[in-house]
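# Structural characterization, general
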Amino acid sequence: MSQPAIAIQGLSKRFGKRAAVDGLSFEVPTGGVCGFLGRNGAGKTTAIRMLMNLTDPSAGQALLLGLDSRRHHAELMSRVGYVAEAPILYDWMTVRELVRFTSRFYERWNTAAVDALLGRFGIDDRQKVRHLSRGTHAQLALALALGHDPELLILDEPATGLDVLVRRDFLESIIQIIQQEGRTVLLSSHLVHEVERVADQIVVIDEGRLLVSARLDDLKLRTGQSLEEIFVGLVGRREEVRQ
Amino acid sequence: MRDLRPWILGAGALLLVLRLLCFSETFAEVFLRGYLESLMPLLGLVAAIGLGAGQMARERGSKTLDFLLARPIAPAAIVGIKFLAGSVALAMLLAAIASLSYVGTGSRYPDVAESLRQVVGFPVLFAATFPRLWCLYAMALLLSTLVNRLAKAVVSGFVCALALGTLLGIYAELFPFSNVDAWFGAQFDTAYRLLRDPALFFRTGFTLCAVTLLLALAAALLFRRSPGWSLSNRWLILGAAGLAGLAIFSTYAAAHRFPELRPAGSMELRMESSHAAGAMDAAGSLVAVASKDRLAFLDFSNPAKPREFVEAPMPLWTIWTTVNLTVSGTTAYILGTRKALPTDEVQIVIATLTPAGTVQFAEPISLGDSTLTLVDSVAVAGHFLYVDVNRLGQCQIEVYDRSPGASGREAATVVVDMVRWQQPSPGPWTPPETMRMLRRGQFLYLTSAAALTVLDIRDPGRPVAVSRIAYREPVPQLYGSPRELASDGRWLLEAENLPAVWALYDVADPAHPVLRGHVPNLHGGIVSTGPALFRWWQRGVLELRAAGGGLQALRYLTDGRDPQAIAAADGTVYVLESAEDRRTRRQFVSAYRVNR
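Let me sum up the structure you'll find in this document. The structure presented is a predicted model; accordingly, all values stated were derived computationally and were not measured.

Calculation notes
- Residues numbered from 1 in each chain as written.
- Chains lettered and ligands numbered in written order.
- Predicted model: local features only at pLDDT ≥ 70, side-chain atom pairs only at ≥ 80, totals over all residues.
- Helix = DSSP H or I, 4+ residues; strand = E, 2+ residues; numbered from the N terminus.
- Rg over C-alpha atoms; globule rule 2.2 N^0.38 Å.
- Contact = placed C-beta atoms within 7 Å.
- Pairing = 2+ DSSP bridges.
- Axes fitted to C-alpha atoms, helices over the stretch in contact; angles between N-to-C directions.
- Core = buried A, V, L, I, M, F, W, Y, C linked by C-beta atoms within 7 Å.
- Buried ≥ 20, exposed ≤ 12 C-beta atoms within 10 Å, placed from the backbone.
- Parallel < 35°, antiparallel > 145°, perpendicular 65-115°, else oblique.
- Left-handed = near helix turned anticlockwise from the far one by under 90°.
- Nonpolar A, V, L, I, M, F, W, Y, C, P; charged D, E, K, R; others polar.

It is worth spelling out the overall build of chain A at this point. Across its full length, chain A holds 9 helices and 10 strands. Expected size for 243 residues packed as a compact globule is a radius of gyration near 18 Å; at 18 Å, chain A falls within 12% of this value. Dimensions of chain A, computed from C-alpha atoms along their principal axes, come out at roughly 55 × 40 × 40 Å. Considering only contacts within chain A whose residues lie at least 6 apart along the sequence, 70% involve residues at least 24 apart.

This next bit is on the sheet that holds strand 30 (residues 585-593) of chain B. Residue and element names in this part refer to chain B. A sheet is described by the order of its strands in space; here 4 strands give the open sequence 2-30-29-28, paired in antiparallel fashion. Two strands lie at the open edges of the sheet, namely strand 2 (265-268) and strand 28 (562-569), each paired on one side alone. The sheet shows a mean angle of 20 degrees between the axes of neighbouring strands, taken without regard to direction. Sheet topology places strand 2 next to strand 30; 4 bridges connect them, and they run antiparallel. The residue bridging Gly265 from the neighbouring strand is Ala591, located in strand 30.

The next point concerns the sheet that holds strand 15 (residues 410-418) of chain B. Residues and elements named next belong to chain B. Taking strand neighbours across the sheet as the criterion, the 4 strands line up as 12-13-14-15 in an open arrangement whose pairing is antiparallel. The sheet is open, and its two borders are formed by strand 12 (373-381) and strand 15, each paired with just one other strand. When strand polarity is set aside, the average angle formed by the axes of neighbouring strands in this sheet is 20 degrees. Strand direction decides the pairing type here: strand 12 and strand 13 (residues 384-391), joined by 7 bridges, are antiparallel. Bridge assignment links Ala381 to a residue of strand 13, and that residue is Phe384.

Another point: the nonpolar core. Of all hydrophobic cores here, the largest spans 93 residues; its most connected members are Val287, Ala288, Val289 and Tyr574 of chain B. A per-element tally of this core places strand 9 (residues 345-353) of chain B first, with 6 residues. Excluding anything up to four places from it in sequence, Ala288 of chain B contacts Met280, Asp281, Leu295, Phe297, Leu325, Val327 and Ala332 of chain B. In this structure, Val33, Ile154, Val192 and Ile202 of chain A belong to the second largest nonpolar core, which totals 72 residues.

For any two helices packed against each other, one specifies the crossing angle of their axes together with the interaxial distance. Residues and elements named next belong to chain A. Across the interface, helix 4 (residues 111-121) lies against helix 5 (residues 134-146) with an axial gap of 9 Å and an inter-helix angle of 165 degrees. Overall, the two elements helix 4 and helix 5 adopt an arrangement that is roughly antiparallel. As helix 4 runs across helix 5, the sense of the crossing is right-handed. Residue-level inspection shows Ala113, Val114, Leu117, Leu118 and Phe121 of helix 4 in contact with helix 5, the latter providing Thr136, Gln139, Ala143 and Leu146. Residues that form the contact of helix 4 with helix 5 fall into these classes: 7 nonpolar, 2 polar and no charged.

Below, the discussion takes up unusual backbone geometry. Residue Leu341 of chain B is joined to Pro342 of chain B through a cis peptide bond whose omega torsion reads 0 degrees. Counting through the fold element by element, Pro342 of chain B comes out in the loop between strand 8 (331-338) and strand 9. For Leu65 of chain A, which is not glycine, the phi torsion reads 50 degrees and is therefore positive. Along the polypeptide, Leu65 of chain A turns up in the loop between strand 4 (59-64) and strand 5 (67-68). The backbone of Asp570 of chain B sits at a positive phi, close to 50 degrees, despite the residue not being glycine. Within the element layout of this structure, Asp570 of chain B appears in the loop between strand 28 and strand 29 (572-580). On the basis of neighbour count, Asp570 of chain B is assigned to the partly exposed category, with 13 C-beta atoms found within 10 Å.

Next up, the structure:
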């Protein structure tokens, strides 16, 4: 059996007395798409930031592609693509300058693929980044994350804040890219139906704790419910218990 | 890349405007003085801290740091690359800031500041200033990796720089003759001082560069260990409170650094004069104090109960101004100017305390027209008076024989120097004051425009010049500035004006002084009187000893009043002090026993 693309063991993060992520453990197999679900404030972004070594964990360990994300940061980043929630780019650069600047970090850079993506998204590379719309901004971030042909793509609510049409277009792009390339994708979202369209596996967390980690088909078969019903069932039950 | 064209065009326009404005002599003088003394160091400080503070905290604050961290580059390398890029930017900024100092050069009548700029030159100024600002920049970079907002990093940087400056200032007070000011000064005179002392130049430069690299390494290691971590506001406030506490503690330590010595006795002066006393000297337990128009003899034979012998007005019918006072035996020699027409006259008034307790004035010695004659002091050896006189540029020692039966007129003259016409000036040239004199046993030491001269007065009526040490003065405008003298044990101290240092001469062979080194002169004059050296310090006087090629502070003589003049005799130091309140100004003479 091949090693998982993502293996998280007992990952925790505390901000003062509050636990944003609390003993999270799950695995994502190589290949396919994993939907990372949770309500707003469930701890998805914090968990992903710990995966990317952008935030220090209070406890636990995260392995990406078999490597410790803290110890092998630079090596991992050449194999992982990341699009943050509302990605912040250098807005004083033009798109062309930003692409050139980003490409210089990598030994391999697929200029043709990035140009093709920019063309597909209709992004004028002479424009300043600050003049791009929010949707185009997210599309540019996605193109930059794919420029080095990453084995693992981590998308943290990439379509948040986009209107319905742009979001649908953006997700279509993601689906096509995933289908074309066949890489492992961790797609974080609180929009269940969007994840359901693309995910092979789902991980659901709430208040920083794991609720379920399973293959989507198995879960549906086992419960006989849609993903939305499963999600509402899991999170709603916890809400009732809390109340 | 960011578009730098508006910045480059703006800088060019600024330079052009300044160059045009500097065609006005007045503007050039005012601008350059203000710029050199305060604006240039301030701009350098702002550039260093601004650049350093912005490196990491701005990326973190605007969240573009995540963009960098998601690339295949080690976190430490991000800090390292930013440090190097910022260093290049700092060097360019500093070059621009320093070059502004040279905008208005070429005045027809160059002053000291302009001559200093010509002597120092751009490369030396840059090389002397860069390590100091680079170190500040690295400190700001370290702070920048510790906080999550640009504003916090900038404020922390300035707070740390301010605290560091305060602590160094206090350190300079604690160790008054250390070279601490040369380590962090970013001004022209520091650069000039370093130029004159290459060993200090390289020692400070290399050490500060090493500290800079260590700070950058610390920043890189901290960031590598945990890129997402930053100090909370609570820790920042605690840090600021810690710095404030350290400054307060250091101030307290500075105030109590030296053992304090209280006066053995003190008496208030009650002179019938509207002018404050300003000159004082002592011989044995007899102390003479002179104001502008009166003279008092005080008896300190019992320091616990001092008393006034007598007070008398100067025997002059017009206005008199006392310059200096020397006491020998029971006679006071008061050097000053008498208001007269058509020009004032320089005179030595001789007043003797008679056994009957009265003052007897002898015929004053007239030294000449005050516009042509510059006199500093009088030295007494037996019946002979030695006066250092600069007569229209001719520096000489004039000897007056006061032996009973002698004429009292000038007995001998030894010319030691000739002040040469120095530079073009807008008005008529007048010779500088130039001369200082110190008597030490059988030798007179004289500083003049060109040299330190030693006169042998073993035959008091026929002084002989026995040695001469010529100066090398690179700044032409400083030629002829008087150099104060002081001595202690086997050391002779001579003040150099720029940089402000004391040249230490070994006078184990009193006829042939040997220069042994320099010590900083941060706080102005040192007075050598009697067996020791003294200088003003806070609200009192610091007693010093020249030892081991440097100066060592021994005791702090204080009565809580402001010192004005010092005299010493027979192991007792007399300090003329003043105490002011809103309405009155009172003067005291206090006696401190300082037998070593």
